[in-house]
Amino acid sequence: MQRSLTEGGIAKSLIIFSLPMILGNLLQHLYNVADTLIVGQTIGTTALSAVGSSYSLMTLLTSVILGLCMGSGVVFAQFYGAKREDDMKSSIFNACIFILLVSAVINILAFLLLDQFIIWLNIPEQAVEYTREYLQVIFVGITFVSAYNFFACILRSVGNTVVPLIFLAVSAITNIVLDIVFIVSFHMGVAGAAWATVIAQALSAICVAVYFFAKEKQLCPQRQHLHLSRRLLGFVINNSTLTAIQQSIMNLGILMVQGLVNSFGFSVSAAFAAVVKIDAFAYMPAQDFGNAFSTYIAQNYGAGKPDRIRKGIWTAAKLSTVFCAVASIFVCLLARPLMLLFVKPEEVEVINIGIQYLHIEGACYVGIGILFLLYGLYRGLARSSMSIVLTVISLGSRVLLAYTLSAIPAVGMVGIWWSVPIGWALADIVGMLYYRLRFRKDSLLTAIPTSSKG
């Protein structure tokens with residue numbers, strides 16, 4: 001089920017390749033959305049606030065792992081495009097060792113720093129115990145998140161986006177069923193929601209690993225590939241670490257904003273817990289399209305096709321802009337019904353705060369769509385450091401503006417909402433200017449490691 005992105009129609013290739021990734025990530029977000037929706041409607045807004053704050057923290061922790069997997073996947077795709085199978089298999093082994101070690105460290109630290117995280121997040125007092133109860137369980141799933149995303153990135157690097165989608169679909173359905181059983185039938189509270197998510201994550205991880213070793217044996221490292229290569233390990237670490245840093249900075253900024261939001265009180269915290277889920281569904285397809293675009297760039301980078309890279313940039317920009325514009329219209333028009341999915345009708349203040357947020361940020365999704373493409377472009381070109389620069393600009397300006405504007409009495413929490421699209425716009429401008437000034441006709445391609453030898 002492999003697919004080469006170095007040949008054929010560009011728009012068709014990008015759409016066919018990215019669609020399963022988009023559907024898969026939407027299903028993955030059903031894990032947390034199912035928790036939020038069922039918790040909010042059955043346990044109440046206090047538990048909703050706890051789950052929402054926990055979601056922001058878990059996103060930060062797992063962003064390191066996701067970044068390592070995404071960065072490694074770019075390396076795999078470059079070798080796949082260059083038709084260097086031995087180097088690809090050796091890089092898979094090296095990346096596996098590296099990611100396993102980092103994941104273990106993150107998991108240990110998560111449990112050790114649990115109480116400190118709760119303090120840092122400025123959790124409302126009435127939601128502290130709910131948050132602790134939820135996180136103590138949800139941290140168990142970090143290992144499964146690592147395993148699933150590592151194998152999924154290998155498959156996606158060779159153009160197979162369908163299989164990860166299938167296993168995520170099974171996992172998402174399992175999560176929703178278990179949410180209902182654990183929370184509604186067994187009355188397990190927020191711990192039930194957490195266990196439903198962990199079990200679903202474990203299922204997807206086991207399934208994709210079994211498939212990889214049983215059905216994709218041509219990608220499995222063999223005896224001669226099971227050694228640490230200084231050159232390849234360095235290449236993997238450089239690309240994956242920079243991507244992980246970029247992902248972490250992005251989610252660290254979001255977490256800092258979460259703490260600021262919580263300081264405005266319970267209603268704002270509960271509203272924010274709902275709108276971030278709506279946001280995730282609204283622009284997550286644009287993010288996944290950017291990740292698919294990164295694989296497209298990486299394969300053509302490895303194949304030495306700069307003209308196809310340039311054509312792909314403009315095609316991807318058009319497709320992303322159209323989608324994001326449609327998403328903005330949808331969210332702005334249906335802000336109230338979307339909020340009512342997560343919050344009971346009598347929670348009028350929470351609903352109105354959420355609607356205000358969605359009308360401001362929801363109108364500007366084109367900005368984040370372009371930014372995701374820029375991230376994908378620079379990862380695929382082995383310029384992950386530029387993705388970090390853009391993330392610092394986007395999130396740095398967002399955090400700075402959020403704290404500055406919200407401190408002005410006449411602006412208040414609305415300043416937090418406006419800081420988001422402003423940060424996107426600033427990063428977009430810098431990213432496009434850098435491409436225009438830096439990349440000339442002959443400067444898109446640079447060498448990738450020529451040998452798997454240590």
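In the block above lies the structure referred to throughout.
### Considerations on the overall build of the protein
Scanning the protein for helices and strands turns up 16 helices and 0 strands. Taking 454 residues into account, the globule formula puts the C-alpha radius of gyration at 22 Å, and the protein, at 21 Å, falls close to it. Along the longest, intermediate and shortest principal axes, the C-alpha atoms of the protein span 60 × 45 × 35 Å. Expressed as a percentage of its 454 residues, the buried residues of the protein come to 59%. Of the roughly 17700 Å² of accessible surface on the protein, 69% is carried by carbon and sulfur atoms.

### Topic: the layout of surface pockets
Considered as a void within the structure, the largest pocket measures approximately 340 Å³ in volume. Forming the boundary of the largest pocket are Phe293, Ile313, Trp314, Ala317, Ile370, Leu373, Leu374, Leu377, Met432, Tyr435, Arg436 and Phe439. Listing elements by their share of the lining of the largest pocket, those giving two or more residues are α11 (306-333), α14 (365-380) and α16 (414-438). It is α14 that contributes the most residues to the lining of the largest pocket, 4 residues altogether. When the residues that make up the lining of the largest pocket are grouped by side-chain class, the tally is 11 nonpolar, no polar and 1 charged.

### Concerning the packing of aromatic side chains
One pair of aromatic rings is described through two measures. These are the centre distance and the angle between the planes. Under the definition given, this model contains 18 aromatic pairs. Summarising the aromatic geometry, the rings of Phe212 and Phe213 are spaced 5.2 Å apart at their centres and angled 80° between planes, so their arrangement reads as edge-to-face. Between Tyr283 and Phe372, the aromatic rings sit 6.0 Å apart at their centres with planes inclined by 50°, giving tilted as the arrangement. Of this pair, Tyr283 sits in helix α10 (residues 266-303) while Phe372 sits in helix α14, and the two are 89 residues apart along the sequence. Each member of the pair, Tyr283 together with Phe372, is buried.

### Focus: empty space enclosed by the protein
Think of a ball as big as a water molecule: rolled over the atoms, this probe shows where empty space is left. Applying the stated criterion across every chain yields a total of 2 cavities of 30 Å³ or more. Gln247, Gln287, Gly290, Asn291, Phe372, Tyr375 and Arg379 together form the lining of the second largest cavity. Contributing elements (two or more residues each) for the lining of the second largest cavity: α10 and α14. Counted by class, the lining of the second largest cavity contains 2 nonpolar, 4 polar and 1 charged residues.

### As for the side chain of Glu361
Tracing the chain through its elements places Glu361 in helix α13 (residues 348-361). Nearest to the buried, unbridged Glu361 among oppositely charged side chains is Arg398, at 5.3 Å. Engagement of the side chain of Glu361 in a polar contact is seen with the side chain of Tyr357, the distance being 2.2 Å. Residues within four places of Glu361 in sequence aside, it is in contact with Asp279, Tyr283, Val420 and Trp424.

### Overview of unusual backbone geometry
Its identity as a non-glycine residue notwithstanding, His187 has a phi of 55°, on the positive side. Within the secondary structure, His187 sits in the loop between α7 (162-185) and α8 (189-215). For His187, a relative accessible area of 64% puts it in the exposed group. A positive phi is found at Ala382, a non-glycine position, where the angle reads about 60°.

### Remarks on the state of the cysteines
Applying the stated criterion across every chain, the model contains 0 disulfides. Cys153 provides the cysteine sulfur closest to Cys69, a residue in no disulfide bond, and the two sulfurs are 5.1 Å apart.

Parameters and conventions
- Residues numbered from 1 in each chain as written.
- Predicted model: local features only at pLDDT ≥ 70, side-chain atom pairs only at ≥ 80, totals over all residues.
- Heavy atoms only, no water.
- Helix = DSSP H or I, 4+ residues; strand = E, 2+ residues; numbered from the N terminus.
- Rg over C-alpha atoms; globule rule 2.2 N^0.38 Å.
- Buried < 20%, exposed > 50% of the residue type's maximum accessible area, 1.4 Å probe, protein only.
- Areas by Shrake-Rupley, 256 points an atom, 1.4 Å probe, with all protein chains shown as cover.
- 1 Å grid on protein atoms, 1.4 Å probe; cavity = no way out; pocket = protein on both sides within 12 Å on 5 of 7 lines; lining within 4 Å.
- Points joined across faces, edges and corners; volume = space filled by probe spheres on them.
- Nonpolar A, V, L, I, M, F, W, Y, C, P; charged D, E, K, R; others polar.
- Phe/Tyr/Trp six-rings, centres within 6.5 Å; stacked < 30°, edge-to-face > 60°.
- Lys, Arg positive; Asp, Glu negative; His and termini not counted.
- Salt bridge = Lys/Arg side-chain N within 4 Å of Asp/Glu carboxyl O.
- Polar contact = N/O pair within 3.5 Å; in protein donor to acceptor, adjacent residues only side chain to side chain.
- Contact = heavy atoms within 4.5 Å.
- Disulfide = S-S within 2.5 Å.

The analysis is restricted to geometry; functional conclusions fall outside its scope.
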